[in-house]
Amino acid sequence: MRPKVLVTREVFQETLDYLARFFEVESNQSDVPLTPAQLAERLADKDGALTVLTDRVDAPLLAQCPKLKAACNIAVGFNNFDLKACTERGVMATNTPGVLDASTADFTWALILATARRVTESEAWLRAGQWSGWRLKQFLGADVHHATLGILGMGRIGQAVARRARGFDMTVLYHNTRRLSAEVEKSCHAAYVGMDELLARSDILTLHVPYSPATHHVIGAKELTRMKPGAILINAARGGVVDDAALIEALKRGTLAAAGLDVFENEPRLNPEFLQLKNVVLTPHIASSTEVTRRKMAMTAAENLVAALTTGKPPNLLNPPA
Ligand code: DGY
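The rules behind each value
- Residues numbered from 1 in each chain as written.
- Predicted model: local features only at pLDDT ≥ 70, side-chain atom pairs only at ≥ 80, totals over all residues.
- Heavy atoms only, no water.
- Helix = DSSP H or I, 4+ residues; strand = E, 2+ residues; numbered from the N terminus.
- Rg over C-alpha atoms; globule rule 2.2 N^0.38 Å.
- Contact = heavy atoms within 4.5 Å.
- Areas by Shrake-Rupley, 256 points an atom, 1.4 Å probe, with all protein chains shown as cover.
- Lys, Arg positive; Asp, Glu negative; His and termini not counted.
- Charge placed at Lys NZ, Arg CZ, Asp CG, Glu CD.
- Phe/Tyr/Trp six-rings, centres within 6.5 Å; stacked < 30°, edge-to-face > 60°.
- Pairing = 2+ DSSP bridges.
- Axes fitted to C-alpha atoms, helices over the stretch in contact; angles between N-to-C directions.
- Parallel < 35°, antiparallel > 145°, perpendicular 65-115°, else oblique.
- Left-handed = near helix turned anticlockwise from the far one by under 90°.
- Buried < 20%, exposed > 50% of the residue type's maximum accessible area, 1.4 Å probe, protein only.
- Right-handed = clockwise from strand over helix to strand, strands pointing away.
- Salt bridge = Lys/Arg side-chain N within 4 Å of Asp/Glu carboxyl O.

A. Representation of the overall build of the protein chain in the model. The helix and strand inventory of the protein chain stands at 13 helices and 12 strands. The C-alpha atoms of the protein chain give 21 Å as radius of gyration, which agrees with the globular expectation for 322 residues (20 Å, within 12%). In terms of overall dimensions, the protein chain has C-alpha extents of about 70 × 50 × 35 Å along its principal axes. Counting contacts in the protein chain only where the partners sit at least 6 residues apart, residues at least 24 apart contribute 59% of the total. Entry remark: accessible area of the protein chain is about 15,600 Å², with carbon and sulfur atoms responsible for 55%. The centroid of the 36 positive side-chain charges in the protein chain is displaced by 3 Å from the centroid of its 34 negative side-chain charges.

Structural data, given as structure tokens:
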């Protein structure tokens, strides 16, 4: 009998076709997120799951899925997985690193430029019919070129963001749990600094850390007050890395000039105060969303699932003890 797998949300047809070569596939192509109870019910007889970041894979779920051997996330982030619970239950957990770095870095730059140069704010104003003509002081923004870019979290995506800063002749500083090798620092033209220096010197601070208890509110009220007055904050990493309420206060007070945000606490129910602020650029968690990249992410997750259930050795295993 072929192993049974569940695809929890809409994917591309080629992903389903590929999985169907190996498995009996059940899929939720309606694309309405499954509730925890529905997920448990549909996973009860499954050997594997292709999941997304809205699916919580934790101890209560796993207790109801005795056959489950693999949960393969279509994302590089995996904060929807309780890895300890997966390991205890012998469930292999995987993610999709690598395939989305460049697209996510490109989008980070879209947020940096849109925020510094007030692109969405001025467009909304123009669309509202308010433009009566050119003015010298219209929508004065901040220069990106020659500014200091601070990067918190210098993994693959942070490094890709750094490399793109060269074209803007920027000074690039970074902070990371581990300092990079001299060779990688050189290739990124980035200098390692402590957290305090990063906050104090960055004109634009962009976040590329994964979300975990250790990075919860890593940018909170205290850190925001330590940032350079008039700085810009960019978050295309994960909601929860920033204390959104504290950020809203800083944006209202004007201690920060602006923020560009692709991710939020409690997505998709972001703090409604963000919608009232003009100095934020808000996008709906789409940093990796290009046609090519989202197809690659889905296929990488499917390849992980096939490898997990056929060889027990998926390429992007997050919990080897499982
Ligand atoms: C990821 O890969 O973690 C992204 O946030 C998914 O959009």
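Resuming the write-up.
B. Spatial organisation of the packing of aromatic side chains. Summed over the entire model, instances satisfying the criterion amount to six aromatic pairs. Between tyrosine 18 and phenylalanine 22, the aromatic rings sit 5.3 Å apart at their centres with planes inclined by 70°, giving edge-to-face as the arrangement. Ring centres of tryptophan 109 and phenylalanine 168 lie 5.0 Å apart, and the angle between their planes is 5°; on these two criteria the pair is classed as stacked. With a gap of 59 residues between them, tryptophan 109 in helix α5 (residues 101–116) and phenylalanine 168 in the loop between α7 (156–164) and β7 (171–175) connect regions that are remote in the sequence. Through pairs of rings, three or more aromatic residues link up here, namely Tyr18, Phe22 and Phe23.

C. Main features of the sheet that holds strand β1 (residues 4–7). If you trace the five strands from one edge of the open sheet to the other, you get β2-β1-β3-β4-β5, paired in parallel fashion. In the strand order of this sheet, the two ends are held by β2 (24–27) and β5 (92–94), each with one partner. Geometrically, the sheet is characterised by an average inter-axis angle of 15° between neighbouring strands, direction not taken into account. Sitting on the sheet, helix α2 (residues 36–43) is in contact with β1, β2 and β3 (48–51), with an inclination near 155° to β1. Docked against the sheet, helix α13 (residues 291–310) engages β1, β3, β4 (70–73) and β5, running at close to 165° with respect to β4.

D. Just the packing of helix α1 (residues 13–20) against α13, in detail. At their nearest, the axes of α1 and α13 sit 9 Å apart, and the two run at 10° to each other. As the angle between them shows, α1 and α13 are arranged roughly parallel. For α1 against α13, the interelement crossing comes out right-handed. Each of Glu14, Thr15, Tyr18 and Leu19 in α1 lies in contact with α13, whose residues at this interface are Arg295, Ala298, Met299, Ala302, Glu303, Leu305 and Val306.

E. The pairing of β4, seen in detail. Judged by which residues are buried, β4 turns out to be covered on both faces: Ala70 and Cys72 on one side and Ala71 and Asn73 on the other are all buried. Judged from the four bridges that link them, β3 and β4 form a sheet pairing that is parallel. Note that in β4 the partner of glycine 48 across the bridge is alanine 70. Note that β4 and β5 share three bridges and pair parallel. Note on β5: the bridge partner recorded for cysteine 72 is threonine 94. For the segment spanning β4, helix α4 (residues 83–88) and β5, crossover handedness is right-handed.

F. Local environment of the environment of tyrosine 174. With respect to the helices and strands, the residue tyrosine 174 is situated in strand β7. Since its relative accessible area comes to 0%, tyrosine 174 is described here as buried. The spacing of tyrosine 174 and valine 193 is 19 residues in sequence and 6.0 Å in space, taken between C-alpha atoms. With residues near it in sequence (within four places) discarded, tyrosine 174 still touches Ile151, Met154, Arg179, Leu180, Glu185, Ala190, Ala191, Tyr192, Val193 and Leu198.

G. Looking closely at the pattern of salt bridges. Enumeration over the complete set of coordinates arrives at 20 salt bridges. Notably, a salt bridge pairs aspartate 45 with lysine 46, separated by 2.8 Å at the nearest N-O pair. Among the residues examined, aspartate 45 registers a relative accessible area of 30% and is labelled partly exposed. For glutamate 123, the salt bridge identified is with arginine 127, shortest N-O distance 2.7 Å.

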